[in-house]
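# What the coordinates show
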Amino acid sequence: MTAIIVSGHGQLSTGLLDAFEMIFGHDDKIIAVPFLKGEGIPQLQDKYQTVMDKFPDEPILFLVDVFGGTPYNSAVQLVFNNPLADVVTGVNLPMLLEIAAIKEFSDLDALKQQLKLINQEGFKIFSEVISAAKTTDPIDDEEDDLL
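The name an unreviewed UniProt entry gives the protein chain is PTS fructose transporter subunit IIA, with Pseudolactococcus carnosus as the organism. Taken verbatim from the UniProt record of the protein chain, the Subcellular location (unreviewed entry) comment is "Cytoplasm".

The following block contains the structure:
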């Protein structure tokens, strides 16, 4: 099963994990690692490595906030030559919920592809959703076979 390291600037990762646990409950394989003011790549890599050491020989997926930021740069240096690890950017609550639901039954590549899909499906603009609902054909009055 894949271990998940969630990271981002400030307390983003701990806040996301707190919200996740309100909905899903605690998961020992999803760990928040915040990047705090005054820290740099060496300090964050040390924190990442401490978590990685808890899961030897297991796949590890980093979910970080932004591409090119310190949480991302710190993670890619640790996973660069590790086929059992990777980094995904744009971490959000729907991603965490989805990954928790499928990580026991999916390999690392399948997890990454599902997260890509979830991000596309999760992005909505209210006015576009309402507009689409207004232009949809109304339900006909014929009897439904399901009732």
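Attention now goes to the overall build of the protein chain. Each helix and strand counted, the protein chain has six helices and four strands in total. Listing every helix and strand of the protein chain by position from the N terminus yields β-α-β-α-β-α-β-α-α-α. The C-alpha radius of gyration computed for the protein chain amounts to 19 Å, which surpasses the reference 15 Å derived for 147 residues by more than 25%, pointing to a less compact arrangement than a globule. The dimensions of the protein chain, computed from C-alpha atoms along their principal axes, are 65 × 30 × 30 Å. Here the protein chain, with 147 residues, has 35% of them falling under the buried criterion. Of the contacts made within the protein chain by residues no fewer than 6 positions apart, 72% connect residues no fewer than 24 positions apart. Entry remark: accessible area of the protein chain is about 9,100 Å², with carbon and sulfur atoms responsible for 56%. Positive and negative side-chain charges in the protein chain, numbering 9 and 24 respectively, have mean positions lying 11 Å apart.

Let us look at the pairing of strand β4 (residues 85-89). In this sheet, β4 lies alongside strand β3 (residues 60-64) in parallel orientation, the contact comprising five bridges. Within β4, the position partnered with F62 by the bridge is V87. Each parallel crossover has a hand, and the one from β3 via helix α3 (residues 70-79) to β4 is right-handed.

Scoring rules and cut-offs
Residues numbered from 1 in each chain as written. Predicted model: local features only at pLDDT ≥ 70, side-chain atom pairs only at ≥ 80, totals over all residues. Heavy atoms only, no water. UniProt positions renumbered as here; feature names shortened; annotations may be inferred. Helix = DSSP H or I, 4+ residues; strand = E, 2+ residues; numbered from the N terminus. Rg over C-alpha atoms; globule rule 2.2 N^0.38 Å. Buried < 20%, exposed > 50% of the residue type's maximum accessible area, 1.4 Å probe, protein only. Contact = heavy atoms within 4.5 Å. Areas by Shrake-Rupley, 256 points an atom, 1.4 Å probe, with all protein chains shown as cover. Lys, Arg positive; Asp, Glu negative; His and termini not counted. Charge placed at Lys NZ, Arg CZ, Asp CG, Glu CD. Pairing = 2+ DSSP bridges. Right-handed = clockwise from strand over helix to strand, strands pointing away.

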